[in-house]
Amino acid sequence: MSPTIYTIMLSSLATGTIITMTSFHWLMAWIGLELNTLAIIPIISTLHHPRSTEAATKYFLTQAAASAMILFSSMINAWNTGTWDITQMSFLPSNTLLAVALALKLGLAPAHLWLPEVLQGSTLLTALIITTWQKLAPMSLIFLSANNLPPMILLTLGVISSVTGGWAGLNQTQTRKIMAFSSIAHLGWMASITSISPNIMIMSLMIYLIMTTALFSSLIFSKSKTIQDTTTTWTLSPTLTITTMLVLLSLGGLPPLTGFLPKWLILEELITQNMSPLALMMAMSALLSLFYYLRLTYTTALTLAPNTLQMKFKWRFKPTTPPALMAFSTLSIFLLPLTPLILS
């Protein structure tokens, strides 16, 4: 794809998300979602490979179905209440349909099966866009309609997603599929807190975006597509090895790293609301996710691939680490002490 077309696609992608995030009318939000979907289809299918074409088709079908359901739910609400305002969704059937549609759009379990397949069929950079930028528009709609969405459905989706994201990720060897299940698990945590504290949900989303961007940046830099590929990361740069290890542990939610903050606040809030069994299930599902993060940590930082060379680094390359990767990695590791500032 030529740089000009790629730039147009990326700007359309950004425009679609911004239209959805800044609109209060359902039709404008729907237009933004459609523009967003249509812009990413060519980006997914740039490889000209059957896998990428299949991924683009799957992505288009699921997103088009979800957008149609969102439009349908808003039409039912407008028919019954006479308003198209996103914040005034007061008709229960349309709220239920909206929750299901947004779950499909985000990839929350049990409507998650498209996400690992789409990521696996696209490049690492496209996978980064799908797991980060593409979550912003649906999450903004969830935030705007948080007071009206049925809490029971959100909590159920949250628990199923966090358990599925942990359990299904255990068996994976492809880093993109692992990141897909990681995304499902994190979105599950966000869905479970939405109806109780939307502000914690937004903070959780921001931290998820930072950590995912940091890890994907290191995977792109080291060209690691499978767990086996991560064993040779140490030849690129010692700094990269250490930061990747810490970002993975942060994604797993271990203190004193940034990733502990959203899990801690969400569990605390759930227990405050007398939802201890739910909090216990969420915490147990986090252990499942932690296992595959630890496995990646082990292969990246604690193993050496069999080699006959005496040299420690690839002789052609100066062991450098990109500044953007270092910036996101720093944020993914050191934000926990800022908790009081974030909460105030």
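Residues numbered from 1 in each chain as written. Predicted model: local features only at pLDDT ≥ 70, side-chain atom pairs only at ≥ 80, totals over all residues. Heavy atoms only, no water.

- The protein is annotated in an unreviewed UniProt entry as NADH-ubiquinone oxidoreductase chain 2 from Anolis cooki.
- UniProt's Catalytic activity (unreviewed entry) comment on the protein is quoted here verbatim: "a ubiquinone + NADH + 5 H(+)(in) = a ubiquinol + NAD(+) + 4 H(+)(out)". (UniProt positions renumbered as here; feature names shortened; annotations may be inferred.)

Thoughts on the domain arrangement of the protein
Then, number 1: Taken domain by domain, the protein holds domain 1 (1-126) and domain 2 (150-343).
Then, number 2: For the domain 1 and domain 2 pair, buried surface summed over both sides reaches about 1,800 Å², with 78% attributable to carbon and sulfur atoms.
Then, number 3: If you sort the residues of domain 1 by the area they bury against domain 2, Leu108, Gln120 and Leu124 come out on top, with a joint share of 38%.
Then, number 4: On inspection of domain 1 and its partner domain 2, the count reaches one salt bridge.
Then, number 5: Measuring nitrogen to oxygen at the nearest pair gives 3.6 Å for the salt bridge that ties lysine 177 to glutamate 117.
Then, number 6: Those elements that provide at least two residues to the side of domain 1 that touches domain 2 are helix 4 (92-106), helix 5 (114-121) and helix 6 (124-131).
Then, number 7: With six residues, helix 4 is the largest single contributor of residues to the side of domain 1 that touches domain 2.
Then, number 8: Broken down by class, the residue content of the side of domain 1 that touches domain 2 amounts to 12 nonpolar, seven polar and one charged. (Domains from an automatic or database assignment. Buried area = accessible area lost by both parts, 1.4 Å probe. Salt bridge = Lys/Arg side-chain N within 4 Å of Asp/Glu carboxyl O. Helix = DSSP H or I, 4+ residues; strand = E, 2+ residues; numbered from the N terminus. Nonpolar A, V, L, I, M, F, W, Y, C, P; charged D, E, K, R; others polar.)

A few points about the environment of proline 256
Then, number 1: Here proline 256 shows up in the loop between helix 11 (238-252) and helix 12 (260-272).
Then, number 2: Between the alpha carbons of proline 256 and isoleucine 333 there is a distance of 8.1 Å; along the sequence they are 77 residues apart.
Then, number 3: Ignoring sequence-local partners within four residues, the contact set of proline 256 consists of Ile333 and Leu336. (Contact = heavy atoms within 4.5 Å.)

Overview of unusual backbone geometry
Most of the time, phi is negative for any residue but glycine, and the peptide bond is trans.
Then, number 1: For the bond from alanine 109 to proline 110, the omega torsion is 5°, close enough to zero to count as cis.
Then, number 2: As for its placement among the helices and strands, proline 110 is situated in the loop between helix 4 and helix 5.
Then, number 3: The phi dihedral of histidine 48 falls on the positive side, at around 55°, and the residue is not glycine.
Then, number 4: Summarising the element assignment, histidine 48 is placed in the loop between helix 2 (26-44) and helix 3 (50-81).
Then, number 5: With relative accessibility at 73%, the residue histidine 48 sits in the exposed group.
Then, number 6: The phi dihedral of lysine 223 is positive, around 55°, even though this residue is not glycine.
Then, number 7: By the secondary structure assignment, lysine 223 is in the loop between helix 10 (198-222) and helix 11. (Buried < 20%, exposed > 50% of the residue type's maximum accessible area, 1.4 Å probe, protein only.)

Quick word on the UniProt feature "transmembrane region" (unreviewed entry) in the protein
Then, number 1: As recorded in UniProt, the feature "transmembrane region" (unreviewed entry) lies at residues 59-76, 96-115, 152-171, 178-196, 202-221, 233-255, 275-294 and 324-343.
Then, number 2: Taken end to end, residues 59-76 comprises 100% helix and 0% strand; its first and last C-alpha atoms sit 26 Å apart.
Then, number 3: Summarising residues 275-294: 95% helix, 0% strand, and an end-to-end C-alpha distance of 29 Å.

Regarding the UniProt feature "domain: NADH:quinone oxidoreductase/Mrp antiporter transmembrane" (unreviewed entry) in the protein
Then, number 1: Taking the UniProt record as the reference, the feature "domain: NADH:quinone oxidoreductase/Mrp antiporter transmembrane" (unreviewed entry) is found at residues 25-288.
Then, number 2: For residues 25-288, the end-to-end C-alpha separation is 40 Å, with 74% helix and 0% strand making up the annotated structure.

Focus on the nonpolar core
Then, number 1: Residues Trp26, Ile40, Ile44, Tyr59, Ile130 and Met139 are the most contacted members of the largest nonpolar core, which totals 83 residues.
Then, number 2: Top element by residues in this core is helix 10. It accounts for 12 residues.
Then, number 3: Residue-level mapping places this core at the junction of two domains, with at least three residues from each of domain 1 (1-126) and domain 2 (150-343).
Then, number 4: In this structure isoleucine 44 touches Ser52, Ala55, Ala56, Tyr59, Val118, Ser122, Thr126 and Ile130, once residues within four positions along its chain are discounted. (Core = buried A, V, L, I, M, F, W, Y, C linked by side-chain atoms within 4.5 Å.)

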